[in-house]
Amino acid sequence: MISKNMVEKIFEYGALAPSSHNAQMWRIVKENENLYRVEMDSLWRLKAVDPRNREAHISIGCFLQNCIYAAPHYDVAIEVSVKNTKAYLTFSKCDVERGGSEYSLHDIERRHTCRQNFLNKPISDAIIQKLTCFENAKYIDRRTDKGRELSRLIVNSNRVQFSSERSMEELSSFISLNKDDIKRGRGLTLESLGLNSIERFFFRMLYAKKNFAGNKSFFSSSIRATKKQVENCSGFFVIFAQRDSPEELIKTGMQLEHFWLKLNTMGCSVHPMSQPLEEVPDEVAHMFPNSGIPEMILRVGYCKKEYHSQKLRKRMEIHAD
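Residues numbered from 1 in each chain as written. Predicted model: local features only at pLDDT ≥ 70, side-chain atom pairs only at ≥ 80, totals over all residues. Heavy atoms only, no water.

## Thoughts on the packing of helix α1 (residues 4-14) against helix α2 (residues 54-70)
Part 1 of the reasoning: Contact pair α1 / α2: the axes reach a minimum separation of 7 Å and the direction vectors enclose 130°. As far as their axial angle goes, α2 and α1 are oblique. Crossing of α1 against α2: the hand is right-handed. Each of Ile-10, Phe-11, Tyr-13 and Gly-14 in α1 lies in contact with α2, whose residues at this interface are Phe-63, Asn-66, Cys-67 and Ala-70. (Axes fitted to C-alpha atoms, helices over the stretch in contact; angles between N-to-C directions. Helix = DSSP H or I, 4+ residues; strand = E, 2+ residues; numbered from the N terminus. Parallel < 35°, antiparallel > 145°, perpendicular 65-115°, else oblique. Left-handed = near helix turned anticlockwise from the far one by under 90°. Contact = heavy atoms within 4.5 Å.)

In structure tokens:
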């Protein structure tokens, strides 16, 4: 028997995983004792920017990997089986011979998305060498031709999405401007968007009604911020999969969370900028022939100072089957 409290604690660490717009689109169902099913919560799908559920399935994979890393800290082991769009988690008492977790609970808590401008220096060769074991990841230095082309695609794809009424309505529903927004435990705080206290004050003044769709001021300021972000970083990692099925995407998400934690624990900050995969996926794929299907683009680099941001998370719910 694994106590309910232990299971909830492990799932709480799982929920510290990244998700688009911080929508946290995973749903947990208890099938029977020590067996749980994780599936997509259709109520929180991002229909405008993720109509094929690509990033939703990747986020579920990130959630699963966090659970696997957190479990040994509670003397629990988890076996994961992925079948199409669902994952099944079997909990058992930890076998001492299996050893502990690769990452501490503190590492999981400290994993972060940083939207600030990074230092303009390349990722060190020592770090790149330690990441060669991740065969589905390719590093692109920002200063190379390929880095400049990827930067261009990111800016242009953001321009398309910031011009889209549907995308902006969806984004605005996830921006947390007040206490009521924050209470739901989902969405993007102004701090998590990389705004300092003065910027947050003026943002609330200018966009109190969240009227982003068609707002020229929001559009121009967002594009300026995107340009600065791609100009101020070390480069990009592109994560690939061999198939574009839900099962493969979930497994890619598990690998992504491992990769992300590895980067953060080595002092590198991460910012997903996968808009080109939502708007012009064929152009990105053309840049990387014979590498697989590009599924995630990460802006990476070194923050000027240690990054802290509150993680907004919904209350843990485990549903009955």
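## Considering α2
Part 1 of the reasoning: Taking 1.5 Å of rise per residue, the 17 residues of α2 would be expected to cover 24 Å, and the 25 Å separating its terminal C-alpha atoms lies within 8% of that figure.
Part 2 of the reasoning: Within α2, 16 of the 17 residues are buried, which leaves it mostly tucked inside the rest of the structure. (Expected span 1.5 Å × (residues − 1). Buried < 20%, exposed > 50% of the residue type's maximum accessible area, 1.4 Å probe, protein only.)

## Quick word on the nonpolar core
Burial of nonpolar side chains together is a common tendency in soluble globular proteins.
Part 1 of the reasoning: By size, the foremost hydrophobic cluster in this structure holds 59 residues, and its most contacted members are Phe-11, Phe-63, Leu-64, Leu-89, Phe-91, Phe-259 and Leu-298.
Part 2 of the reasoning: If you tally residues by element for this core, the top one is α2, at nine residues.
Part 3 of the reasoning: Setting aside chain neighbours within four positions, we find Phe-11 in contact with Ile-28, Tyr-36, Phe-63, Cys-67, Leu-89, Phe-91, Met-316 and Ile-318.
Part 4 of the reasoning: By size, the runner-up hydrophobic cluster in this structure holds 19 residues, among which are Ile-140, Leu-150, Ile-154 and Phe-236. (Core = buried A, V, L, I, M, F, W, Y, C linked by side-chain atoms within 4.5 Å.)

## Quick word on the sheet that holds strand β5 (residues 137-141)
Within a sheet, neighbouring strands are paired by backbone hydrogen bonds and run either parallel or antiparallel to one another.
Part 1 of the reasoning: Read across the open sheet, the four strands follow the order β5-β8-β10-β9; overall the sheet is antiparallel. On the outer flanks of this sheet lie β5 and β9 (269-272), each paired with one strand and no other. Between one strand axis and the next, the sheet turns by 30° as a mean value, whatever way the strands run.
Part 2 of the reasoning: Two elements, β9 and strand β10 (residues 293-301), share four bridges in a ladder whose sense is antiparallel. Its bridge partner lying in β10, Ser-269 is registered against Gly-301.
Part 3 of the reasoning: Where helix α10 (residues 246-265) meets the sheet, its contacts fall on β5, β8 (235-241), β9 and β10, and the angle it forms with β8 comes to roughly 150°. (Pairing = 2+ DSSP bridges.)

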